[in-house]
Amino acid sequence: MTGALQLRTKAAVLQIAQWQEGVLEAPSGSNKVKYNTAYYGREVQGTAYPWCMAFVWWVFREAGFNLYKSAGCTKFVNRYRAVAPGQIVTGGYKPGDIVFFDFSGHRKITEHAGIVVGVIGSTLITMEGNTGTGSDANGGAVMQRRRAVGLVTCGVRPRYPD
């Protein structure tokens, strides 16, 4: 792709998510990060403000999409189950899907979210907010992660025009 990034495309979502790699909350452990500021319309911090879904919402907003606004993984998934059940996927994940993790491996809860940027066999390559090497679901950084498909509870497949 040459020139400006074309908004409202899967390519824009993937590129914007990857451009965020390395962003950290500051101070560490505070949940004070630009994604929460954009989401809440003011600076926030503290344990009440985990930000994996705020990161996902921010990426989609920057890419020109009006994604359902929820800071909670379960609330987001339940909204799609109610109003767009055809967009819920439980396998065959593709780049651009929003996936929800249950790190216990039981695939029953949605404790963390990420955006699939690649698939290698049964491994997903994701861009995630509020993750880290010390905490999968509250690590304070935007990172590219490798996740086993068996950790995914479900996904939401946005309706991309491309």
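Structure: above.
Here the structure is a predicted model, which is why all the values come from computation and not from measurement. (Residues numbered from 1 in each chain as written. Predicted model: local features only at pLDDT ≥ 70, side-chain atom pairs only at ≥ 80, totals over all residues. Heavy atoms only, no water.)

**Side note on the packing of helix α1 (residues 10–19) against helix α3 (residues 52–62)**
Running from N to C, α1 and α3 point in directions that differ by 125°, and their axes come no closer than 8 Å. It follows that α1 is oblique to α3 by the angle criterion. Crossing angle aside, the handedness with which α1 passes α3 is right-handed. Here α1 contributes Val13, Ile16 and Ala17 to the contact with α3, which in turn contributes Phe55, Trp58, Val59, Phe60 and Glu62. Partitioning the contact of α1 with α3 into residue classes produces seven nonpolar, no polar and one charged. (Axes fitted to C-alpha atoms, helices over the stretch in contact; angles between N-to-C directions. Helix = DSSP H or I, 4+ residues; strand = E, 2+ residues; numbered from the N terminus. Parallel < 35°, antiparallel > 145°, perpendicular 65-115°, else oblique. Left-handed = near helix turned anticlockwise from the far one by under 90°. Contact = heavy atoms within 4.5 Å. Nonpolar A, V, L, I, M, F, W, Y, C, P; charged D, E, K, R; others polar.)

**Concerning the pattern of salt bridges**
Throughout the structure, instances matching the rule amount to six salt bridges. Between Glu62 and Arg61 there is a salt bridge whose closest N-O contact spans 2.8 Å. On the basis of relative accessibility, which here comes to 33%, the residue Glu62 falls in the partly exposed class. In this structure Arg61 comes out as partly exposed when scored by relative accessible area, which is 36%. Across the pair Glu128 and Arg147 runs a salt bridge whose closest N-O atoms are separated by 2.7 Å. Taken as a pair, Glu128 in strand β4 (residues 123–131) and Arg147 in strand β5 (residues 141–148) lie far apart in primary sequence, 19 residues in all. By relative accessible area, which is 0% here, Glu128 ends up buried. (Salt bridge = Lys/Arg side-chain N within 4 Å of Asp/Glu carboxyl O. Buried < 20%, exposed > 50% of the residue type's maximum accessible area, 1.4 Å probe, protein only.)

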